[in-house]
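# Structural overview for review
Read off the chains here:
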Amino acid sequence: KSFSSGLTAMEKKLAEYKCNTNEAIQLKLVRFPEDLEDDNTTFNPEYSHQVFGDDEVAFGYKGLKILLYYIAGNLSTLFRIEYTSKVNEKFDCVEADDVESKIREIIPPGFCTNTDDFVSLLEKEVNFKPFGMLLHTYSVHNEEAGEDITYQIYKADMTCPGFREYHERLQTFLMWFIETASFIDVDDERWNYFLVFEKYNKDGATLFATVGYMTVYNYYVYPDKTRPRVSQMLILPPFQGEGHGAQLLETVHRYYMSSPTVLDITAEDPSENYIKLRDFVLVKLCQDLLCFSPGNLMQGFSQEMVMEAQQKLKINKQHTRRVYEILRLRATDMGDAEQSRSYRLDVKRRLIGPYKKKQRELAKMRRCLRPEELTNQLNQIDLNMQHEQLEESFQQLVSDYRRVLERLAQA
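For clarity, every value in this text was computed on a predicted model and none was experimentally measured.

Conventions adopted
- Residues numbered from 1 in each chain as written.
- Predicted model: local features only at pLDDT ≥ 70, side-chain atom pairs only at ≥ 80, totals over all residues.
- Heavy atoms only, no water.
- Pairing = 2+ DSSP bridges.
- Helix = DSSP H or I, 4+ residues; strand = E, 2+ residues; numbered from the N terminus.
- Polar contact = N/O pair within 3.5 Å; in protein donor to acceptor, adjacent residues only side chain to side chain.
- Contact = heavy atoms within 4.5 Å.
- Domains from an automatic or database assignment.
- Buried area = accessible area lost by both parts, 1.4 Å probe.
- Salt bridge = Lys/Arg side-chain N within 4 Å of Asp/Glu carboxyl O.
- Nonpolar A, V, L, I, M, F, W, Y, C, P; charged D, E, K, R; others polar.
- Axes fitted to C-alpha atoms, helices over the stretch in contact; angles between N-to-C directions.
- Parallel < 35°, antiparallel > 145°, perpendicular 65-115°, else oblique.
- Left-handed = near helix turned anticlockwise from the far one by under 90°.
- Core = buried A, V, L, I, M, F, W, Y, C linked by side-chain atoms within 4.5 Å.
- Buried < 20%, exposed > 50% of the residue type's maximum accessible area, 1.4 Å probe, protein only.
- 1 Å grid on protein atoms, 1.4 Å probe; cavity = no way out; pocket = protein on both sides within 12 Å on 5 of 7 lines; lining within 4 Å.
- Points joined across faces, edges and corners; volume = space filled by probe spheres on them.
- UniProt positions renumbered as here; feature names shortened; annotations may be inferred.

As summarised here, the arrangement of the six strands in space is β9-β10-β11-β12-β13-β14, forming an open sheet in which the pairing is mixed. What marks the edges here is a single partner per strand, and that holds for β9 (133-142) and β14 (266-267). Where strand β12 (residues 205-221) lies against strand β13 (residues 225-235), 10 bridges are found, and the strand directions are antiparallel. When the bridges of β13 are listed, Val-221 appears paired with Lys-225.

If you want it as structure tokens, here you go:
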């Protein structure tokens, strides 16, 4: 009895030394010295499991703070660890996690460890200029500042002086905001980098702050074409929800549109948010193409749509199909029974494709499996369930599509 209560006391004591790493890690993009003291400029990771394990816990500290502050433009880094107390090995027979070496594994060397060095680097920030070639300038009205803020998108590559080191600092953000992030092989010359910067003023000078970026890999397609594939895309949290992702994706599409050797653009393992963003951008690009006129939409999905979207806008067939469904929804009176039925059938016919494929596979198995093995396989595909799933998928799609159309109406 006494042993078990002793254990819980010990467990309680140790539990006090666990910190949630998503809360402990404090990120900042610093423009002015006063940002260092301002809690409003701090943001936290969405994920830290790649560095601290699936529990996202660091053990051995009370009041743990992992400070990762970046100068807004060139991302020079301040890295410090603070805590109110740490377990003592002699006393608790347990060892604290080595938080520092875990962070050092993902941030490049050459960071500051004290605030004074960091602030003196901040004074040199006026010399920082974006890398590469300017592709696009746009402005966004900022309510808070009561003025229009200017943003620019650049295309960079590893031959730009200083870009390799800058990219090493930039990519560390992926770990905190993309669930399955990985660092890319920058020595492979087929990577393209697209960067978004904000222009801001400081003491009468114009400075640049990093907003986000996208990496695109150029796959070779026989005999003389490429198929760019979007790999990573991140708009940093302080800038999210302001439309930068859409600006970036549209700019990248326009960049590749001008190239005769590019077939179409794809994406690697896209997130739901990215798909919504892409739907919006591609529909915006396609809505004025002749093949997507309301009359043509009502005739159904056509080879013309595939050809025109690919040749003019570098959009691949699968994405063109979604664009067609979204634009057709806009042209359809869903209150009209005949029109809405025709729309529903059209979309469900596409959705049922994978089920049909499964059934063809089953038919093949039927020819070579023993009956008892087969019933197991068949039980998995119950027709009623199939209809329910189909209806659910359809409703979900329509609600996603409506959101795209709402955003389009406001654009």
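In this section: unusual backbone geometry. Residues Tyr-222 and Pro-223 are joined by a peptide bond in cis, for which omega reads -5°. Examined against the element boundaries, Pro-223 turns out to sit in the loop between β12 and β13. You will see that Leu-75, though not glycine, has its phi angle at about 65°, which is positive. On the secondary structure map, Leu-75 appears in the loop between β6 (65-71) and β7 (77-82).

Okay, the side chain of Thr-210 next. Relative to the helices and strands, Thr-210 resides in strand β12. At 2.8 Å, the side chain of Thr-210 and the backbone oxygen of Gly-73 are in polar contact. At a separation of 2.9 Å, a polar atom in the side chain of Thr-210 contacts the side chain of Tyr-166. If sequence neighbours within four positions are ignored, Thr-210 has contacts with Leu-29, Ala-72, Gly-73, Leu-75, Tyr-166, Leu-170, Val-196, Phe-197, Leu-236 and Phe-239.

This brings us to the domain arrangement of the protein chain. Domain parsing of the protein chain yields domain 1 (10-125) and domain 2 (129-329). Using C-alpha coordinates to define each centre, domain 1 is positioned 31 Å away from domain 2. The interface of domain 1 with domain 2 comprises 28 residues on the first partner and 26 residues on the second. Summing the contributions of domain 1 and of domain 2, the shared interface buries around 2,400 Å²; its carbon and sulfur component is 65%. Where domain 1 meets domain 2, there are one salt bridge. Linking Arg-31 and Glu-198 is a salt bridge whose minimum nitrogen-to-oxygen distance equals 2.9 Å. Connecting domain 1 to domain 2 are 11 residue pairs in polar contact (both at pLDDT 80 or more). Contributing elements (two or more residues each) for the side of domain 1 that touches domain 2: β2 (25-30), α3 (49-52) and β6. Class assignment of the residues belonging to the side of domain 1 that touches domain 2 gives a composition of 17 nonpolar, eight polar and three charged.

Moving on, we get to the packing of helix α8 (residues 244-257) against helix α9 (residues 272-286). One way to put it is that α8 packs onto α9 with a least axis distance of 10 Å and a crossing angle of 55°. Comparing their axes, α9 and α8 come out oblique. Here the hand of the crossing between α8 and α9 comes out right-handed. In this structure, α8 uses Gly-245, Ala-246, Leu-249, Glu-250, His-253 and Arg-254 to contact α9, whose residues at the interface are Tyr-274, Leu-277, Arg-278, Phe-280, Val-281, Leu-282, Lys-284 and Leu-285.

This part takes up the nonpolar core. Of all hydrophobic cores here, the largest spans 107 residues; its most connected members are Phe-173, Trp-176 and Phe-292. Two domains share this core, each providing at least three of its residues, namely domain 1 (10-125) and domain 2 (129-329). Leaving out residues up to four positions away in the same chain, Trp-176 has contacts with Ile-25, Leu-27, Pro-45, Glu-46, Tyr-47, Ser-48, Val-51, Leu-68, Ile-103 and Ile-106. Counting residues in each nonpolar core, the second largest holds nine residues, with Val-30, Leu-36, Leu-78 and Cys-112 among its members.

In total, this model carries one cavity of 30 Å³ or more according to the counting rule given. Within this model, the largest cavity holds a volume of roughly 30 Å³. Lining the largest cavity, in full, are Leu-249, His-253, Ile-265, Thr-266, Tyr-274, Arg-278 and His-319. Breaking the lining of the largest cavity down by element, the ones donating at least two residues are α8 and α9. Here the lining of the largest cavity is composed, by residue class, of three nonpolar, three polar and one charged.

Per the stated rule, a full pass over the model turns up 18 salt bridges. In this structure, Asp-400 engages Arg-403 in a salt bridge whose closest nitrogen and oxygen atoms are separated by 2.9 Å. Of this pair, Asp-400 and Arg-403 both sit in helix α16 (residues 383-410), three residues apart, which is roughly one turn of that helix. Overall, Arg-403 belongs to the partly exposed group, its relative accessible area being 44%. One continuous salt-bridge network, built from bridges that share partners, spans Arg-321, Glu-325, Arg-328, Asp-346 and Arg-350.

Let us now look at the sheet that holds strand β3 (residues 42-43). Strand order in the open sheet formed by four strands is β3-β2-β6-β7, and the pairing between neighbours is mixed. In this open sheet, the two edge strands, each paired with only one partner strand, are β3 and β7. Contacts from helix α6 (residues 115-122) reach β2, β6 and β7 within the one sheet, and its direction differs from that of β6 by about 20°.

This paragraph deals with the UniProt feature "active site" (unreviewed entry) in the protein chain. Feature annotation in UniProt assigns "active site" (unreviewed entry) to the following positions: Glu-268. Mapped onto the fold, Glu-268 is located in the loop between β14 and α9. Among the residues examined, Glu-268 registers a relative accessible area of 35% and is labelled partly exposed.

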